Amino acid sequence: MKPRHKRIALIAGGLAILGIAAMLVLNAFQSNLVFFFSPTQVAAGEAPTGKSFRIGGMVKEGSLERQPDGITMRFVVTDTDKEMTVAYQGILPDLFREGKGVVAQGKLGDGGVFTASEVLAKHDENYMPPEAAKAVGDAHERAAANKAAAEAASQTIKQ
């Protein structure tokens, strides 16, 4: 084999190895990628089915209930527009409270119940995960716009 052919074979082999390594890294990245959705987005069908994702918002006051098995908890996460029931089996974080921000990671199960594999709570009274804060802010803006439209329609009907 000529030196020129050896050099070409070596370059082709190196490129093949580099391509395989890049494919493995991208595959690992893709499988560990987790997206965030608000309860409104989940209700609109934007969340993936059968894949893990994160849902965030505020824990609705009075929604926390312990199941008879003693370790399964159910609570409602809301972005003030839509609500989603979350089931979690395990110990909740110490800072988990009703009326506070939360992000849960898991899958959407039967009956629209989100089955969480992990629950993350805020770390102080002023903190909310940026995604959850944005979702709550967007829901407040939609609620204000709907209220203004309803008031305008009410004024039109009165006249």
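One structure accompanies this document, and this report is about it.

Thresholds applied
- Residues numbered from 1 in each chain as written.
- Predicted model: local features only at pLDDT ≥ 70, side-chain atom pairs only at ≥ 80, totals over all residues.
- Heavy atoms only, no water.
- Helix = DSSP H or I, 4+ residues; strand = E, 2+ residues; numbered from the N terminus.
- Rg over C-alpha atoms; globule rule 2.2 N^0.38 Å.
- Buried < 20%, exposed > 50% of the residue type's maximum accessible area, 1.4 Å probe, protein only.
- Areas by Shrake-Rupley, 256 points an atom, 1.4 Å probe, with all protein chains shown as cover.
- Lys, Arg positive; Asp, Glu negative; His and termini not counted.
- Charge placed at Lys NZ, Arg CZ, Asp CG, Glu CD.
- Phe/Tyr/Trp six-rings, centres within 6.5 Å; stacked < 30°, edge-to-face > 60°.
- Pairing = 2+ DSSP bridges.
- Core = buried A, V, L, I, M, F, W, Y, C linked by side-chain atoms within 4.5 Å.
- Contact = heavy atoms within 4.5 Å.

Quick notes on the overall build of the protein
Then, in step 1: When helices and strands are tallied, the protein shows three helices and seven strands.
Then, in step 2: Counting helices and strands in the order they occur from the N terminus, the protein gives α-β-α-β-β-β-β-β-β-α.
Then, in step 3: In terms of overall size, the protein is more extended than a compact globule, its C-alpha atoms giving a radius of gyration of 24 Å where 159 residues would be expected to give roughly 15 Å.
Then, in step 4: Taken along its principal axes, the extent of the C-alpha atoms in the protein is 90 × 50 × 35 Å.
Then, in step 5: By the burial criterion, 26% of the 159 residues in the protein qualify as buried.
Then, in step 6: Approximately 10,700 Å² of the protein is accessible, and the part contributed by carbon and sulfur atoms is 58%.
Then, in step 7: Of the side chains in the protein, 18 bear a positive and 17 a negative charge, and the two mean positions are spaced by 15 Å.

A word on the packing of aromatic side chains
Then, in step 1: Summed over the entire model, instances satisfying the criterion amount to three aromatic pairs.
Then, in step 2: With a centroid separation of 5.4 Å and an interplanar angle of 90°, the aromatic rings of phenylalanine 37 and phenylalanine 53 are classed as edge-to-face. Placement of phenylalanine 37 in strand E1 (residues 36-37) and of phenylalanine 53 in strand E2 (residues 53-59) is noted, with a sequence separation of 16 residues between them. Across the pair, exposure class does not vary: phenylalanine 37 and phenylalanine 53 are buried alike.
Then, in step 3: Grouped by ring-pair contacts, the aromatic residues Phe37, Phe53 and Phe114 constitute a single cluster.

Brief notes about the pairing of strand E4 (residues 72-78)
Then, in step 1: With six of seven residues buried, E4 lies mostly within the body of the structure.
Then, in step 2: With two bridges joining them, E2 and E4 adopt antiparallel strand pairing. Bridging across to E4, methionine 58 finds its partner in threonine 78.
Then, in step 3: With two bridges connecting them, strand E3 (residues 65-66) and E4 associate as antiparallel partners. From the neighbouring strand, arginine 66 faces E4, where its bridge partner is methionine 73.
Then, in step 4: Hairpin connection from E3 to E4: five residues lie between these consecutive antiparallel strands, with glycine 70 at a positive phi of about 90°.
Then, in step 5: The pairing of E4 with strand E5 (residues 83-89) spans seven bridges and is classified as antiparallel. Bridge pairing in E5 links methionine 73 to tyrosine 88.

Here we look at unusual backbone geometry
Then, in step 1: The phi dihedral of threonine 80 is positive, around 70°, even though this residue is not glycine.
Then, in step 2: Looking at the element boundaries, threonine 80 is found in the loop between E4 and E5.
Then, in step 3: Classification of threonine 80 by relative accessible area gives partly exposed; the value is 43%.

With respect to the pairing of E5
Here is the key point about a regular strand: its side chains alternate between the two faces of the sheet.
Then, in step 1: Hairpin connection from E4 to E5: four residues lie between these consecutive antiparallel strands, with threonine 80 at a positive phi of about 70°.
Then, in step 2: Relative to strand E7 (residues 114-121), E5 is paired through three bridges, and the arrangement is parallel. Bridge assignment links valine 86 to a residue of E7, and that residue is phenylalanine 114.

Focus: the nonpolar core
Then, in step 1: Within the largest apolar cluster, 19 residues are counted, with the highest numbers of intra-cluster contacts made by Phe75, Phe114 and Val119.
Then, in step 2: Sorting the residues of this core by element identifies E2, E4, E5, strand E6 (101-108) and E7 as the ones contributing at least two each.
Then, in step 3: Ignoring anything within four residues of it in the chain, the contact list for phenylalanine 75 reads Val59, Ser63, Leu64, Met84, Thr85, Val86, Tyr88, Leu92, Phe96 and Val119.

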